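Chain and residue survey
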Amino acid sequence: MEREIAYYRCQNKPVIFIAKTLNIDCKTVRYIINKWKKETHDYVFALKSNSISFFNPDITGLLKRSDLSFSYAQKLLSNTYVINYIILNRNEAHNRYMDCIRYHIHLLLTHNLI
């Protein structure tokens, strides 16, 4: 179920859409997203970049093309634009693309790949 939720978050879909599509409670979707936030908090806030721009890089295409695999997660998290996006948006509470990124971080953390 986490993979399906991540897919829709990467497509920039709201919680209510995901819940209706997957035929589950909104509460369940929020619980899983919050679980990712807790699991990835230390990693996200430890990230540093030498060249942070003042504007959010457009990483929409990278996220929407994700196949939600380990290899794609590694590729995504080695991208400078993605790192800058994380640093610029890590404090936002309701950012769908950050939820997508957190799922990719979650994937790598659960398999000790980062």
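Residues numbered from 1 in each chain as written. Predicted model: local features only at pLDDT ≥ 70, side-chain atom pairs only at ≥ 80, totals over all residues. Heavy atoms only, no water.

Notes on the overall build of the protein
Scanning the protein from terminus to terminus reveals seven helices and zero strands. If you list the helices and strands of the protein from N to C, you get α-α-α-α-α-α-α. The principal-axis extents of the C-alpha atoms in the protein amount to approximately 45 × 30 × 25 Å. With 114 residues in all, the protein has 42% of them scored as buried. Within the protein, residue pairs in contact and separated by at least 24 positions form 70% of the contacts whose partners lie at least 6 positions apart. Only carbon and sulfur atoms are counted for the fraction: they give 52% of the accessible area of the protein, which is about 6,700 Å². (Helix = DSSP H or I, 4+ residues; strand = E, 2+ residues; numbered from the N terminus. Buried < 20%, exposed > 50% of the residue type's maximum accessible area, 1.4 Å probe, protein only. Contact = heavy atoms within 4.5 Å. Areas by Shrake-Rupley, 256 points an atom, 1.4 Å probe, with all protein chains shown as cover.)

What to know about the state of the cysteines
Applying the stated criterion to the full structure yields one disulfide. Between the sulfur atoms of Cys-10 and its disulfide mate Cys-100 the distance is 1.9 Å. Taking the sign of the S-S torsion, 85° for the link of Cys-10 and Cys-100, the bridge is right-handed. Residue Cys-10 is located in helix H1 (residues 2–10), and its partner Cys-100 is located in helix H7 (residues 96–110); the two are separated by 90 residues in the primary sequence. Assessed through its relative accessible area of 0%, Cys-100 is described here as buried. In this structure Cys-26 is a free cysteine whose sulfur lies 19 Å from that of Cys-10, the closest cysteine sulfur available. The exposure class assigned to Cys-26 is partly exposed, which follows from its relative accessible area of 23%. (Disulfide = S-S within 2.5 Å.)

Quick word on the nonpolar core
Val-82, Ile-86 and Ile-101 are the most contacted members of the largest nonpolar core, which has 34 residues in total. When residues of this core are traced back to their parent elements, those giving at least two are H1, helix H2 (15–22), helix H3 (26–46), helix H4 (60–64), helix H5 (70–76), helix H6 (80–89) and H7. Per-element tally for this core: the top contributor is H7, with eight residues. Ignoring any residue separated from it by four or fewer positions in sequence, one finds Ile-101 in contact with Ile-59, Leu-63, Leu-77, Val-82, Tyr-85 and Ile-86. (Core = buried A, V, L, I, M, F, W, Y, C linked by side-chain atoms within 4.5 Å.)

Overview of the environment of Val-15
Inspection of the secondary structure puts Val-15 in helix H2. Sequence spacing of Val-15 and Asp-25 is ten residues, and the spatial spacing of their C-alpha atoms is 9.3 Å.

Quick notes on the packing of aromatic side chains
Counted under the stated rule, the structure contains three aromatic pairs. Aromatic pair Tyr-7 and Tyr-8: ring centres 5.1 Å apart, planes at 75°, arrangement edge-to-face. Judged by relative accessible area, Tyr-7 falls into the partly exposed class, the value being 39%. Here a set of aromatic residues connected by ring pairs shows up, and it is made of Tyr-7, Tyr-8 and Phe-17. For the cation-ring pair, Lys-13 lies above Phe-17, with the distance from its terminal atom to the ring centre recorded as 5.1 Å. (Phe/Tyr/Trp six-rings, centres within 6.5 Å; stacked < 30°, edge-to-face > 60°. Lys NZ or Arg CZ within 6 Å of the ring centre and 35° of its normal.)

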